[in-house]
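Overview (structure and organization)
The residues making up each chain are set out below.
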Amino acid sequence: MKEKDRKQQNLRKADGKNTNGEKTEGKRKPRSVKKMFVISLCALAGLAAVIFFALVFSDAYTLTHPEKVSAKRFPDDSDIGLFYEAATVTFENGDKTVLWYIPAQDVKTAERKDSDITVIFSHDCGDNKTVSMIDDGILYAKQLVGEGINVVTFDYSGSGFATGKGYTFGAREKEELKQIIEYVGRNYPSEYTVLQGWGFGAAAAILAGTGNDAVTAVIADASYTDSGEYFKNDGGLEKWSSMPKWTHGLTSLLMPVLSDGDVFDQDPIDAVSEKTGQKYFFIGEGNDNVFPSEYAEKLNNAAVRAGNDSRVWISEKSYHAQAFRTDEKNYVNKILDFIGEVCK
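Let's shift gears to helix H10 (residues 293-305). Counted at 1.5 Å a residue, the expected span for H10 with its 13 residues is 18 Å, and the 19 Å between its end C-alpha atoms agrees. Taken together, the buried positions of H10 are Ser293, Tyr295, Ala296, Leu299, Asn300, Ala302 and Ala303. Trailing H10 by a residue or two, glycine 307 shows a phi angle of about 90°, which is positive.

Trans is the common state for peptide bonds, and a negative phi is the common state for residues other than glycine. Despite not being glycine, phenylalanine 169 shows a phi value in the positive range, around 60°. Tracing the sequence through the fold places phenylalanine 169 in the loop between strand S4 (150-153) and helix H4 (171-187). The phi torsion at alanine 222 lies on the positive side, around 65°, for a residue other than glycine. Residue position: alanine 222 is located in the loop between strand S6 (217-221) and helix H6 (227-233). Judged by relative accessible area, which is 2%, alanine 222 ranks as buried.

Before going further, it helps to spend a moment on the sheet that holds strand S3 (residues 117-122). One open sheet accounts for eight strands, arranged S1-S2-S4-S3-S5-S6-S7-S8; its pairing is mixed. Among the strands making up the open sheet, the edge pair consists of strand S1 (85-90) and strand S8 (309-315). Put simply, the sheet's adjacent strands are angled 20° from each other on average, direction ignored. As judged from the five bridges shared by strand S5 (residues 192-198) and S6, these two strands associate in the parallel manner. The residue of S6 that forms the bridge with glutamine 196 is isoleucine 219. Strand contacts of helix H3 (residues 137-146): strand S2 (96-102), S3, S4 and S5, with the helix running at about 170° to S3, the strand carrying the most contacts.

Another aspect to go through is the pattern of salt bridges. Going through the model one piece at a time under the given rule, you end up with ten salt bridges. As a salt-bridge pair, aspartate 79 and arginine 73 come within 2.7 Å of each other at their nearest N and O atoms. We classify arginine 73 as partly exposed; its relative accessible area is 23%. Close ionic contact of arginine 172 with glutamate 173 constitutes a salt bridge, the shortest N to O distance being 4.0 Å. Overall, glutamate 173 belongs to the buried group, its relative accessible area being 0%. Within this structure, Arg73, Asp79 and Asp136 form a network of salt bridges that share partners.

Moving on to the packing of aromatic side chains. Enumeration over the complete set of coordinates arrives at 30 aromatic pairs. These aromatic residues form a ring-pair network of at least three members: Phe154, Tyr156, Tyr167, Phe169, Phe200, Tyr224, Tyr230, Phe231, Trp240, Phe264, Phe291 and Tyr295. In this structure, lysine 129 is placed above the aromatic ring of tryptophan 100, and the distance from its NZ or CZ to the ring centre is 5.0 Å.

What counts and how
- Residues numbered from 1 in each chain as written.
- Predicted model: local features only at pLDDT ≥ 70, side-chain atom pairs only at ≥ 80, totals over all residues.
- Heavy atoms only, no water.
- Helix = DSSP H or I, 4+ residues; strand = E, 2+ residues; numbered from the N terminus.
- Expected span 1.5 Å × (residues − 1).
- Buried < 20%, exposed > 50% of the residue type's maximum accessible area, 1.4 Å probe, protein only.
- Pairing = 2+ DSSP bridges.
- Axes fitted to C-alpha atoms, helices over the stretch in contact; angles between N-to-C directions.
- Contact = heavy atoms within 4.5 Å.
- Salt bridge = Lys/Arg side-chain N within 4 Å of Asp/Glu carboxyl O.
- Phe/Tyr/Trp six-rings, centres within 6.5 Å; stacked < 30°, edge-to-face > 60°.
- Lys NZ or Arg CZ within 6 Å of the ring centre and 35° of its normal.

Take it as geometry only, folks, not as evidence of what the structure does.
Dropping the structure here:
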């Protein structure tokens, strides 16, 4: 009997019942609160890291891919009345742009005049071939063509009506400008070719024009001196970035990756220091909070030390690349005087 009783008890245990035949619950180990806390904390940290990276990535992308601003003015608009030719140019990278050739002409009748001088415009980041940042680049062009100077203007890839994406602060733009210089030389030849740029476009003009036998002179309005120095040490990222300063280290790592060129390795001041026999006119604005007027003075001093024909003018009351807008008569006269001296 004892053996039979033991067997029955074992069967009850196997069925989850006690010796009296009552149902029993298996014991469960309590979850580790500490373990759950660590898992939750890691999950939150991971989510925060993803959000942080996404914000910085978005900021770097916006910096290197400014919104396209298309031309809203054309040389033959009724209030301008200029004759011009449009031509499609394909850059070596496959992107296409539309170039405007505005020949020297009588601004009242649009009758063309013979000219042996051509000025090629180089627009700033976020702008287009109308150079709208100076208020109205087409009206400025009208003054030049009225004085017997041909004008060429175009959109960098990723800007205006051009195909492509992004802006590289001079890295890709200098190469595209060189291609435009070659195109203009073949299709609209003239004895003298002058480059004129504004902001980042001024830096591209210096880089493309220095040491280029096809270029007579460069006019640089509000250029930087060194892109890496500007963005990383002179507060450039603080001016352009929407993120706090402590994130800019990561932003500076992402910008070259997201752009088509080394945005931190463009050095106009090295270019003007390493060549001689060049002709430059540097313009700065006294109230420029993007590229201070000291940059223009540094570029001029470096060019002079290298034995170049260089001069500088600071429009004291003007803001970034706004000298034409705020001091138009002085601006145009100084440009015409410079072109008249170097193109002879």
